[in-house]
Amino acid sequence: MTAMPTTKKPSCEDCFFRQNMLCALKLDGPCPTYRPAERGLAPERQLAFVFRCERTTAAYAFPQPTA
């Protein structure tokens, strides 16, 4: 069995805002706006959306009612 890689727990000292003297909060732990300093302000990479099947050209996939 292989050991899981350990990840460093976020701390205020590692935050981009703290290191650039932009933080005005005095909290015990990292705040909701925490950004890792080594990444700068670059956003997290998001997953790409891929369609699994061909899209229909109709507005609705259900048959229209006949009255």
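The preceding data block contains the structure.
Quick caveat: nothing in here was measured; it's all calculated off a predicted structure. Per chain, residues are indexed from 1 in the order of the written sequence. pLDDT decides what is reported in this predicted model: residues at 70 or higher carry local features, side-chain atom pairs at 80 or more are listed and counted, and totals for whole chains, interfaces and linings draw on all residues regardless. Think of the side-chain values as coming from all heavy atoms in the structure, minus any hydrogens and water.

(A) Quick peek at unusual backbone geometry. Its identity as a non-glycine residue notwithstanding, Met21 has a phi of 55°, on the positive side. The topology assignment puts Met21 in the segment after helix 1 (16-19). Accessibility expressed as a relative area gives 76% for Met21, which makes it exposed. Numbering of helices and strands starts at the N terminus; helices are DSSP runs of H or I of at least 4 residues and strands are runs of E of at least 2. Burial classes follow relative accessibility: with a 1.4 Å probe on protein chains only, a residue under 20% of its type's maximum area counts as buried, one over 50% as exposed, and anything between as partly exposed.

(B) Expanded view of the side chain of Asp14. Inspection of the secondary structure assignment puts Asp14 in the segment before helix 1. Judged by relative accessible area, which is 19%, Asp14 ranks as buried. Sequence-distant contacts of Asp14, defined by excluding residues within four places in its chain, comprise Lys8, Lys9, Gln19, Tyr34, Arg35, Pro36 and Ala37. The contact definition used throughout considers only heavy atoms, calling two residues in contact when any of these lie within 4.5 Å.

(C) View of the environment of Cys15. For Cys15, the location among the structural elements is in the segment before helix 1. Taking relative accessible area as the criterion, Cys15 reaches 5% and is therefore assigned buried. The spacing of Cys15 and Ala37 is 22 residues in sequence and 5.1 Å in space, taken between C-alpha atoms. Discounting residues that sit within four places of it in the chain, Cys15 has contacts with Tyr34, Arg35 and Ala37.

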